[in-house]
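If you want the building blocks of each chain, they are given just below.
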Amino acid sequence: MEIKQNVALKPYNTFGVKARAKQFAEVSEVSEILELLNIQQPELILGGGSNILFRKNIDGLVVKNNLKGKEVINEDDQSVEVRFGAGENWHECVLWCIEKGYGGIENLSLIPGTMGAAPMQNIGAYGVELKDVFVSLEAIDLEEKVAHTFAHTECEFGYRESVFKTTLKGQYFITSVTLRLTKTNHQLNTEYGAIQQTLEKMNVQNLDIKSISDAVIQIRQSKLPDPADLGNAGSFFKNPVLLKSQFEVLKALHPDMISYDLPDDYVKIPAGWLIEQCGWKGKQIGNTGTYKSQALVIVNHGRARGDEIWDLAHQIQDTVHAKFKILLTPEVNVL
Ligand code: FAD
Ligand code: EPU
């Protein structure tokens, strides 16, 4: 394993912004992580770079995770537990599961990035979150240099949240993730968004995990920019969650406001709607802007610097706050 010096990070982030790492190493084995820890603590663990905004160079060691592997570790007639190496590409794992007939993550098709980053923010889409299939993960304690297994409850999953983004931030290198998937009686989830409508348009006769995955892929391709064509990191902000009582005050002022009911008298408001109402949708400002079909996605029109993107994010936050008194929180990890 080689530690390279002064490495360009542009190919390693889906925003496609320029930044450099003082040191850079790639790991394919857990033993290589331990070897590195004996030399130096990492400044950043990098998966697919699809949820990161680099505002500056990384003045330390960046470790790119390439830990691979898919192993069935438990199985009965109904379900299977699969342990995935944390460096596996998420979407390839989804396709592998569909091919094997394992259900549970088909609604999470086409999310970029790695398996190991999926628990970081409890990835979610189209009515399913990672926590719904998650069993446990293995991670290396960077300080103690020992492996630890985290059970579901220890991860403290929430909406785009986990303990690894809060109290344990920067303390662990996730090395594998175990998911429980169904082999029969799949719980097909078609309620969310345009899935049903898309399945009808696709003229699907036999509803199964593959057709749901195909529908989700079609919807995502129509709404979200492909980072290979237009740099982005998906939703830049989280959808704000308000108390129903607060929401009702706002709704009286903005009768068209869209909302989704949550348990315990909470309501989720789509940040994309709030941003569009402030006139940002599809707007280009210098090298950056928001996507024409999804105002929640900030894009790099080619040469944007991380700071330009961050400036735009602030402008968006300010105008949304001025109009709706709601402060948008970034989903993307800003470095
Ligand atoms: P990175 O960006 O490399 O890292 C993200 C964070 O996790 C960083 O803080 C990093 O240090 C940390 N990290 C990464 N790997 C490890 C590890 N092994 N151990 C410890 N820490 C680690 N997200 C959703 O939830 N739902 C969506 O529908 C969705 N759609 C998207 C669409 C597009 C077009 C894009 C570009 C992004 C989208 N995202 C979505 C966001 C992103 O894909 C996910 O957050 C994904 O899980 C990030 O994976 P990554 O490997 O690229 O992580
Ligand atoms: N909307 C607008 N204008 C916009 C964008 C959206 O009015 O410019 C409205 C839509 O019409 C719709 C509502 O907002 O009524 C929700 O939009 P959409 O279905 O596109 O989903 P979202 O809430 O913007 C969330 C996730 C996505 C995930 C999709 C599908 C967050 C922050 N984002 O987006 O996740 O793929 O739902 O489940 O929760 C990501 O995290 O990076 C991401 C892409």
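Further up the page is the structure itself.
This text gives an overview of the structure that appears in the document. (Residues numbered from 1 in each chain as written. Chains lettered and ligands numbered in written order. Predicted model: local features only at pLDDT ≥ 70, side-chain atom pairs only at ≥ 80, totals over all residues. Heavy atoms only, no water.)

Moving on to the packing of aromatic side chains. Pairs of aromatic rings are described using the distance from one ring centre to the other and the angle between the two planes. Applying the stated criterion across every chain, the model contains 12 aromatic pairs. For the ring pair Tyr 126 and Tyr 192, a centre distance of 5.6 Å and an interplane angle of 85° mean the geometry is edge-to-face. Placement of the pair is Tyr 126 in the loop between β8 (124-125) and β9 (128-129) and Tyr 192 in the loop between β12 (172-182) and α3 (195-201), with a sequence separation of 66 residues. When the centroid spacing of 6.4 Å and the interplanar angle of 40° are considered together, the rings of Phe 236 and Trp 310 count as tilted. Placement of Phe 236 in the loop between β13 (231-235) and β14 (241-243) and of Trp 310 in helix α7 (residues 306-324) is noted, with a sequence separation of 74 residues between them. A cation over a ring is seen here: Lys 268 above Tyr 159, with NZ or CZ 3.5 Å from the ring centre. We note Lys 283 situated over the ring of Trp 280; from NZ or CZ to the ring centre the distance is 5.5 Å. (Phe/Tyr/Trp six-rings, centres within 6.5 Å; stacked < 30°, edge-to-face > 60°. Helix = DSSP H or I, 4+ residues; strand = E, 2+ residues; numbered from the N terminus. Lys NZ or Arg CZ within 6 Å of the ring centre and 35° of its normal.)

At their nearest, the axes of helix α2 (residues 90-100) and helix α4 (residues 209-223) sit 9 Å apart, and the two run at 150° to each other. Considering their axes alone, α2 and α4 lie roughly antiparallel with respect to each other. Note on packing geometry: the crossing formed by α2 with α4 is left-handed. Across the interface between the two elements, His 91, Leu 95 and Ile 98 of α2 pack against Ile 209, Lys 210, Ser 213 and Ile 217 of α4. (Axes fitted to C-alpha atoms, helices over the stretch in contact; angles between N-to-C directions. Parallel < 35°, antiparallel > 145°, perpendicular 65-115°, else oblique. Left-handed = near helix turned anticlockwise from the far one by under 90°. Contact = heavy atoms within 4.5 Å.)

Before going further, it helps to spend a moment on the side chain of Glu 308. By secondary structure assignment, the location of Glu 308 is in helix α7. Comment: no salt bridge for buried Glu 308; closest opposite-charge side chain is Arg 305, at 4.0 Å. A polar atom in the side chain of Glu 308 sits 3.3 Å from the side chain of Asn 287. Look past the residues within four positions of Glu 308 in its chain and what remains in contact with it is Asn 287, Thr 288 and Arg 303. (Buried < 20%, exposed > 50% of the residue type's maximum accessible area, 1.4 Å probe, protein only. Lys, Arg positive; Asp, Glu negative; His and termini not counted. Salt bridge = Lys/Arg side-chain N within 4 Å of Asp/Glu carboxyl O. Polar contact = N/O pair within 3.5 Å; in protein donor to acceptor, adjacent residues only side chain to side chain.)

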